[in-house]
Amino acid sequence: MAPQQTNSKPSDDAKEQPAPLVYQRAMPMSRGKLAIWLFLSTEIMFFTALIGTYIVLRFGAPEGSWPTPAQVGVMEWLGAINTFVLICSSVTIVFAYESAKSDRIRAARGWLLVTTLLAFGFLGVKGIEYASKYSHGLYPQSPRSLLHDRSDVYYLSHFSLQLKQRIAELEDQKTPTDHHDPATLETLYLIQSGMLNWTENKVGVSNDPNMKRLALESFAHQIHPLADRPDIDKYLADERADLEEQQQTIAPQFSDLESKLEAAQKQISQLSDSIAKLESNRKSKPNVNGDFPPPTEIEQKNKAQLEDAEKTAKDATESISLLKQQMNPIERRLEAQSRFNQFEDGINEHFHLKLPMVIPNGNTWANTYFMLTGFHALHVVIGIFVFLILLPLELDRKRAKVMENVGLYWHFVDIVWIFLFPMIYLF
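These numbers were taken from a predicted model, which means no experiment stands behind them.

To continue, consider helix α4 (residues 105-135). Relative to the 45 Å expected for 31 residues at 1.5 Å per residue, α4 spans 45 Å between its end C-alpha atoms, a close match to the ideal helical length. Listed in full, the buried residues belonging to α4 are Ala108, Leu112, Thr115, Thr116, Ala119, Phe122, Val125, Lys126, Glu129, Ser132 and Lys133. Looking one or two residues past α4, Gly137 carries a phi angle of roughly 75°, positive in sign.

This next bit is on a negative patch on the surface. A cluster of like negative charges, contributed by Asp228, Asp233, Glu344 and Asp345, occupies part of the molecular surface. With respect to the element layout, Asp228 can be found in the loop between α7 (209-223) and α8 (230-283). Overall, the relative accessible area of 74% leaves Asp228 in the exposed class.

Quick look at the nonpolar core now. General note: in soluble globular proteins, nonpolar side chains tend to be found buried as a group. Leu112, Trp365, Met403, Trp410 and Leu420 are the most contacted members of the largest nonpolar core, which totals 52 residues. Among the secondary structure elements, those contributing two or more residues to this core are α2 (31-60), α3 (76-101), α4, α11 (362-390) and α12 (400-426). Broken down by element, this core gets its largest block of residues, 15 residues, from α12. Excluding residues that lie within four positions of it along the chain, Trp410 makes contacts with Leu86, Ser89, Ser90, Ile93, Thr115, Ala119, Val380, Gly383 and Phe387. Leu185, Met195, Ala220 and Phe343 belong to the second largest nonpolar core, which has 30 residues in total.

The backbone phi angle of Asp103 is positive, close to 60°, even though this residue is not glycine. Tracing the backbone shows Asp103 in the loop between α3 and α4. For Asn361, which is not a glycine, the phi torsion comes out positive at approximately 60°. For Asn361, a relative accessible area of 21% translates into the label partly exposed.

Right, let's talk about the packing of α2 against α12 for a bit. Relative orientation of the contacting elements α2 and α12 amounts to 10°, with a least axis distance of 10 Å. Accordingly, the angle class assigned to the pair α2 and α12 is roughly parallel. For the pair α2 and α12, the contacting residues are Gly32, Lys33, Ile36, Trp37, Phe39, Leu40, Glu43, Ile44, Phe47, Ile51, Tyr54 and Ile55 in the first and Glu404, Asn405, Leu408, Tyr409, Phe412, Val416, Phe419, Leu420, Met423 and Ile424 in the second. A breakdown of the residues in the contact of α2 with α12 according to their chemical character gives 17 nonpolar, two polar and three charged.

Turning our attention to the packing of helix α6 (residues 184-205) against helix α9 (residues 297-340). Angle between the axes and distance between the axes: these two values describe a pair of packed helices. Direction vectors running N to C along α6 and α9 enclose 115°, while the axes themselves pass 9 Å from each other. In terms of their interaxial angle, α6 and α9 are classed as roughly perpendicular. Along this stretch, α6 crosses α9, giving a crossing that reads as left-handed. Where α6 approaches α9, its residues Thr187, Tyr189, Leu190, Ile191, Ser193, Gly194, Met195 and Trp198 are matched on the opposing element by Pro329, Ile330, Arg332, Arg333, Glu335, Ala336, Arg339 and Phe340. Per-class residue counts for the contact of α6 with α9 are nine nonpolar, three polar and four charged.

Our next topic: the side chain of Glu217. With respect to the helices and strands, the residue Glu217 is situated in helix α7. Residue classification places Glu217 among the buried positions, given a relative accessible area of 19%. At 2.7 Å, the side chain of Glu217 forms a polar contact with the side chain of Arg229. Every residue in contact with Glu217, bar those within four places of it in the chain, is listed here: Ser151, Arg229 and Ile232.

Here the largest pocket defines a volume of roughly 360 Å³. No other element matches α7, which puts three residues into the lining of the largest pocket. For the lining of the largest pocket, the class distribution of residues is nine nonpolar, seven polar and four charged.

What follows covers empty space enclosed by the protein. Gaps between atoms show up when a probe of the same size as a water molecule is rolled over them. On inspection of all chains with the given rule, the structure shows one cavity of 30 Å³ or more. Volume-wise, the largest cavity comes out at about 30 Å³. Within the lining of the largest cavity, the residues separate by chemical class into eight nonpolar, one polar and no charged.

Attention shifts here to the packing of aromatic side chains. Evaluation of the coordinates by the stated rule reveals 22 aromatic pairs. Arranged with centres 4.6 Å apart and planes meeting at 5°, the rings of Tyr134 and Tyr139 form a pair that is stacked. Both rings, one in Phe159 and one in Phe219, keep their centres 4.9 Å apart while their planes meet at 80°; by these two values the pair is edge-to-face. Here Phe159, found in helix α5 (residues 153-172), pairs with Phe219, found in helix α7; they are 60 residues apart in sequence, far enough to count as distant. By relative accessible area, Phe159 is classed as buried at 0%. Its relative accessible area of 1% is what places Phe219 among the buried residues.

What follows is about α7. Look at α7: 21 Å from first C-alpha to last across 15 residues, which is about the 21 Å you get at 1.5 Å a residue. Taken residue by residue, α7 has Leu214, Ala215, Leu216, Glu217, Ser218, Phe219, Ala220, His221, Gln222 and Ile223 as its buried positions. Where α7 starts, the residue carrying a side-chain oxygen 3.1 Å from the main-chain nitrogen of Asn210 turns out to be Asp208.

A word on the environment of Arg333. By the secondary structure assignment, Arg333 is in helix α9. Once the C-alpha coordinates of Arg333 and Leu190 are considered, the two residues, 143 residues apart in sequence, prove to be 8.4 Å apart. In this view, Arg333 contacts Gly194, Met195, Trp198, Gln222, Leu236, Glu239 and Leu243; residues no more than four positions away in its chain are not counted.

A surface patch of nonpolar side chains, about 520 Å² in accessible area, is lined by Ile87, Val91, Val94, Phe95, Trp111, Val114 and Ile418. Those elements giving two or more residues to the nonpolar patch turn out to be α3 and α4. Per element, the largest residue contribution to the nonpolar patch is four residues, and it comes from α3. Position of Trp111 among the secondary structure elements: in helix α4.

Scoring rules and cut-offs
Residues numbered from 1 in each chain as written. Predicted model: local features only at pLDDT ≥ 70, side-chain atom pairs only at ≥ 80, totals over all residues. Heavy atoms only, no water. Helix = DSSP H or I, 4+ residues; strand = E, 2+ residues; numbered from the N terminus. Expected span 1.5 Å × (residues − 1). Buried < 20%, exposed > 50% of the residue type's maximum accessible area, 1.4 Å probe, protein only. Patch = residues over 30% accessible without salt bridge, like charges linked within 9 Å, V, L, I, M, F, W, Y side chains within 5 Å. Areas by Shrake-Rupley, 256 points an atom, 1.4 Å probe, with all protein chains shown as cover. Salt bridge = Lys/Arg side-chain N within 4 Å of Asp/Glu carboxyl O. Lys, Arg positive; Asp, Glu negative; His and termini not counted. Charge placed at Lys NZ, Arg CZ, Asp CG, Glu CD. Core = buried A, V, L, I, M, F, W, Y, C linked by side-chain atoms within 4.5 Å. Contact = heavy atoms within 4.5 Å. Axes fitted to C-alpha atoms, helices over the stretch in contact; angles between N-to-C directions. Parallel < 35°, antiparallel > 145°, perpendicular 65-115°, else oblique. Nonpolar A, V, L, I, M, F, W, Y, C, P; charged D, E, K, R; others polar. Left-handed = near helix turned anticlockwise from the far one by under 90°. Polar contact = N/O pair within 3.5 Å; in protein donor to acceptor, adjacent residues only side chain to side chain. 1 Å grid on protein atoms, 1.4 Å probe; cavity = no way out; pocket = protein on both sides within 12 Å on 5 of 7 lines; lining within 4 Å. Points joined across faces, edges and corners; volume = space filled by probe spheres on them. Phe/Tyr/Trp six-rings, centres within 6.5 Å; stacked < 30°, edge-to-face > 60°.

Here you go:
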């Protein structure tokens, strides 16, 4: 007899029973992590607006009108060092977090200390950069900094005002010298007479717009050169040749007048002595009535010659004075060209003068540079403040989540710099 087969199919009751589900009463993350992500989302929007504004201003400017890093003293190697420092700090904050998760308190504190030192190092390099910008006058200021977007009469006016203030400051000092140039005051006098006054007169007298433009641009180029300008080099060379030709033309006239003046003065001296002797002899022999005899013919002739000689000396003196008025600006201009044209880095940089300079879009660059890097540096300072609060604490497993949240913030700071570095330092 065959064995009876049993039915192994599950019952209907077993089919209807649902699988056990476990419900979580909140989001699958801690409240601290949720808070830090919400905070970082607002920070992302904030820096996106700043970086987007910079991109629009930078790449919306006409080609060649935005300052290059070299023109505004941005040193790529310093930016690269700071990038390396921040990347290393992102690694060390991860090591600190992993150590805290493993209850290695001493290791966690050590890695956090390294992160803090790296953050201070970043700020130190940034401080060096800021100090360099301020020492060269590359900073925003209200109502106007030393930066001008174009070389025009407003630039000349501002330059004249700043130069006069600098000269007045040095004239008030007992020893108007500094460690850069022992003849700073004389240098400023030469800039004033051989460059500023010359350019102002040339712009005011010339009716040629192209000559005015070249005069203004050559002046700005000598103060703070931005790039090689063959047109300005040619303009200055032609001007020098023309001035030397004028000098050679005036020099013989000046020599002739000096000789004429010297001869007239010699004649005046001789005639004066002769007249004095004749007058003395005449007055030594009064007549019977006690009156002096009238001047002799020779005495009258000498007096007439003396008047002619005095007139000749006066005319020669006036002519020499006029020639000097023509020669002095030419000589000062030639002296300024001989002294200052040899400085490839410009007068401002060579003498550390901090006088107004022309950098197209320079003020816009300065505003965006200090705004972007300043806000980023502020976030680095906030991170250091948090690190200093955590350092004295027991960084064990209980505080691992706090370390994770701090690490997320620090990674965000690092990522923002990764965007800023190529935009500011490489383009």
